[in-house]
Amino acid sequence: MSGYDAAYAAWRADPEAWWLEAAAGLDWSVPPRRAFDASSGLYGRWFPDGRLNTCHNAVDRHVAAGRGGHTALLYDSPMTGRVEHITYATLQSRVARLAGALAARGVGHGDRVLIYMPMVPEAAIAMLACARLGAIHSVVFGGFAAAELATRITDATPRAVISASCGLEPGRVVPYKPLLDAAIGMAAHKPDFCLVLQREQLRADLTPGRDFDYAAEEAAGEPHPCVEVAATDPLYILYTSGTTGKPKGIVRDHGGHAVALHRSMSMIYGMAPGEVFWAASDVGWVVGHSYIVYAPLLAGCTSVLFEGKPVGTPDPGTFWRVCAQHGVKLLFTAPTAIRAIKKEDPEGTHLAHHDLSRLEALYLAGERCDPPTAEWAAAKLGKPVVDHWWQTETGWPITAGFREFGLFDPRPGAGGKPTPGFEVRVLDASGAEVPPGAEGALVIKLPLPPGCAPTLWNAEARYREAYLSTFPGFYDTSDAGMVDGEGFVWVMGRTDDIINVAGHRLSTGAMEEVLASHPDVAECAVVGAADGLKGQVPVGLVVLKSGAARPEDQVARELVALVRERIGPVAAFRDARVVPRLPKTRSGKILRATIRKIADGQEFTVPPTIDDPVILQEIQEVLAR
Ligand code: COA
Ligand code: AMP
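Everything quoted here is computed from the prediction, not taken from an experiment. (Residues numbered from 1 in each chain as written. Chains lettered and ligands numbered in written order. Predicted model: local features only at pLDDT ≥ 70, side-chain atom pairs only at ≥ 80, totals over all residues. Heavy atoms only, no water.)

Thoughts on the domain arrangement of the chain
You can read the domains of the chain as domain 1 (3-425) and domain 2 (502-624). When each unit is reduced to the centre of its C-alpha atoms, the spacing between domain 1 and domain 2 is 34 Å. Contact residues are listed per partner, giving 22 residues for domain 1 and 20 residues for domain 2. Each partner contributes to the roughly 1,600 Å² buried at the junction of domain 1 and domain 2, and carbon and sulfur atoms together form 53% of this total. Its largest share of buried area at the contact with domain 2, domain 1 owes to Ser241, Trp285 and Arg339, together 26% of the area lost on that side. Across the contact surface, domain 1 and domain 2 share one salt bridge. Counting the contacts that link domain 1 with domain 2 gives nine residue pairs in polar contact (both at pLDDT 80 or more). Of all the secondary-structure elements, those providing two or more residues to the side of domain 1 that touches domain 2 are α6 (146-156) and α12 (335-344). Per element, the largest residue contribution to the side of domain 1 that touches domain 2 is three residues, and it comes from α12. (Domains from an automatic or database assignment. Contact = heavy atoms within 4.5 Å. Buried area = accessible area lost by both parts, 1.4 Å probe. Salt bridge = Lys/Arg side-chain N within 4 Å of Asp/Glu carboxyl O. Polar contact = N/O pair within 3.5 Å; in protein donor to acceptor, adjacent residues only side chain to side chain. Helix = DSSP H or I, 4+ residues; strand = E, 2+ residues; numbered from the N terminus.)

The structure is reproduced here in structure tokens:
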């Protein structure tokens, strides 16, 4: 039996014992006596009687163990030319003071704090300060527009917002403060106060009485101790795209999250305290929450916080420079980043300039990894390249390769095998299990393991409806795929209206809502078309109202601007096309899957239910332009 098979079998034989053993790796003020309570929550709750503090486990306990002088966060910003080492002791002191400042202004256990920040250490410090107080943070990605921020403020009703004067994108400074002001103006709820980190690239005007200088507040804060919370208390809300314009507030709890992430660091990534881990993502995404901030710190590692891009900051060798300079042992990024590097440096010339002897593996996630990209990286790096599959909802990998048990032989295109804790099945539309190798809906047998979302913020019924109702007894991942005869899981794509653009999860439904709001648009459809760099990009097809006031190309330009204004630049919506009609079934359902095939130039069969097949030719002609 392989190491993996033995571990998976041990978990299956006694999941409660497995998770209680994992929980013993953390400090608890009240250690859990039970791993699981099947009778509470939507599918049960983990560590129902345990009490702890996540910030204590991520920061203070390492200082108490004499590791205060080790680097906790390593900030490397090619955008500003800065490299900064923040030790565990410094992190403890800064987090405690910021927590004190927040507490002095009334933030306490259970209050929400919205964090809208670029990739600076203060973003992680703000998250940890909330965790320290038992306050619930909600980080919003910087590439979202004011309207998206407003939706999140209205839903989370934060007492405070922590933001910065600006973000830095290649070639432009992104002023955050006007976006924040506009969002607060639009939101139904108003925060009591805002802390604004003034960056030297662009200082913001502060609103008297509401906005305070972040640095001054942190410096003057009275160090606050860690507040003991229930393992089942929420640690954070992270909004992610659903199938409509209203995002889903994914809730993460303290105990299960800390246990699962801590265990994952050794089991999946093979990391030990003191070693350097780099997740090249953004704190605004789940990868950033889990593997820039919480997991590496819970494990006592050094986490690299990188403010830059894989290419252009300044060149496609940046990732390799960071790995070499800081002795990164494990790099985690999205396949898009590797595709971007490969496009600019196909021969790997930049790679050869750096000593990557300390890098042991590259892990990829966030979108399907095309085999040529994985093969290119493996060949150029000469290290294992491991694809692993997860979602914002699960918070950590559903399937992976496991360095603790010995990596599987490479299998480009597959996402590894199920992580102990996850029982993956493939079902057909009727809910029956399909044989190995056959495609179907990828589902996880309940209960979900620790670390997965127990609910949606203020929307328990939506959770039940979105994830638990289609296949009773299972969590529906909304991904399609298969499990092969050897147990490898192959993820082929989403079964809903979510697309993955450069590893960023976006809702085509939300974009359709924006397009439909244009006065000249009668109806529309947005699909994700295949893209060699970003994996997918959105393409919008619109039918204009008869007698539309503006010419077609003007409408198309306005629609592109409208999506950028309402959702944000991250939507990468650049392609709106006017079509005479949209293909529909006789019952009026838009045939989005067929449109997607046409956009990708793939063969398609004319659906028997279509009301008028000629429309497909019309669409083909418009998309060919
Ligand atoms: N704040 C403000 N704007 C942002 C932003 C942020 N945090 N992040 C992205 N944007 C903007 C970009 O500037 C760009 O704006 P533009 O339309 O004016 O050029 C737009 O959003 C799209 O950004 P992006 O999708 O990042 O495309 P890009 O062309 O700038 O870069 C890559 C392409 C491949 C280099 C980039 O997408 C990348 O690094 N991908 C890796 C993805 C990743 O790490 N995902 C995390 C999941 S693990
Ligand atoms: P997010 O919630 O942003 O992490 O996006 C989750 C979605 O990204 C999943 O449901 C998948 O569709 C896709 N995804 C993430 N990782 C992988 C992977 N390794 N292989 C294929 N698809 C992936």
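Some words on the UniProt feature "domain: AMP-binding enzyme C-terminal" (unreviewed entry) in the chain
The UniProt feature table records "domain: AMP-binding enzyme C-terminal" (unreviewed entry) at residues 511-589. The annotated region residues 511-589 carries 27% helix and 30% strand content, and the separation between its end C-alpha atoms amounts to 18 Å. (UniProt positions renumbered as here; feature names shortened; annotations may be inferred.)

Things to note about helix α17 (residues 592-599)
If you check which residues of α17 are buried, you get Thr594, Ile595 and Ile598. Along the axis of α17, the buried residues cluster in a sector spanning 100°; they form a single face. The inward-facing, buried residues of α17 contact β29 (521-531), β30 (535-544) and α18 (614-624). Following α17 by one or two positions, Gly601 has its phi on the positive side, about 70°. (Buried < 20%, exposed > 50% of the residue type's maximum accessible area, 1.4 Å probe, protein only. Arc of directions from axis to C-beta.)

Some points on the site of ligand 2
Among the 15 residues in the neighbourhood of ligand 2, the closest are listed as His388, Thr392, Asp479, Arg494 and Arg505. In the model, a nitrogen atom of ligand 2 is placed 2.8 Å from a nitrogen or oxygen of the Asp387 side chain. Contact between ligand 2 and Arg494: an oxygen atom at 2.7 Å from a side-chain N or O atom of the residue. Alone, ligand 2 offers 490 Å² of accessible surface; in the complex the protein occludes 94% of this. For the shell around ligand 2, the class distribution of residues is four nonpolar, five polar and six charged. (Near = heavy atom within 4 Å. Areas by Shrake-Rupley, 256 points an atom, 1.4 Å probe, with all protein chains shown as cover. Nonpolar A, V, L, I, M, F, W, Y, C, P; charged D, E, K, R; others polar.)

Topic: the pairing of strand β16 (residues 276-279)
Of the two faces of β16, both are covered, the one formed by Val276 and Trp278 as well as the one formed by Phe277 and Ala279. Both β16 and strand β17 (residues 302-306) contribute to a ladder of three bridges, which runs parallel. Paired with Val276 across the bridge in β17 is Thr302. At this point the chain moves from β16, through helix α10 (residues 286-298), to the parallel β17, and the crossover so formed is right-handed. Pairing geometry for β16 and strand β18 (residues 328-333), over four bridges, is parallel. In the sheet register, Val276 faces β18, and the bridge partner there is Val328. (Pairing = 2+ DSSP bridges. Right-handed = clockwise from strand over helix to strand, strands pointing away.)

Focus: the UniProt feature "domain: Acetyl-coenzyme A synthetase N-terminal" (unreviewed entry) in the chain
In the numbering used here, UniProt assigns the feature "domain: Acetyl-coenzyme A synthetase N-terminal" (unreviewed entry) to residues 4-58. In residues 4-58, helix accounts for 44% and strand for 11%; the two terminal C-alpha atoms are 27 Å from one another.

Here we look at the state of the cysteines
In the structure shown here, the tally under the stated rule is zero disulfides. Free of any disulfide, Cys194 has its nearest cysteine sulfur in Cys130, 13 Å distant. There is no disulfide at Cys369, and the cysteine sulfur nearest it, in Cys323, is 17 Å away. A residue is classified by how much of its surface remains accessible, and Cys369, at 2% relative accessible area, is buried. (Disulfide = S-S within 2.5 Å.)

Some words on the packing of aromatic side chains
In this structure the tally under the stated criterion is 32 aromatic pairs. Taking 6.2 Å as the distance between ring centres and 50° as the angle between the ring planes, the aromatic pair formed by Trp46 and Phe47 counts as tilted. Given the relative accessible area of 8%, Trp46 is considered buried. Ring centres of Tyr291 and Trp390 lie 5.6 Å apart, and the angle between their planes is 90°; on these two criteria the pair is classed as edge-to-face. On the criterion of sequence distance, the pair formed by Tyr291 in helix α10 and Trp390 in the loop between β20 (385-387) and β21 (399-400) is long-range, its members being 99 residues apart. There is no split in this pair, since Tyr291 and Trp390 are both buried. Grouped by ring-pair contacts, the aromatic residues Trp18, Trp19, Trp28, Phe36, Trp46, Phe47, Trp396 and Phe422 constitute a single cluster. (Phe/Tyr/Trp six-rings, centres within 6.5 Å; stacked < 30°, edge-to-face > 60°.)

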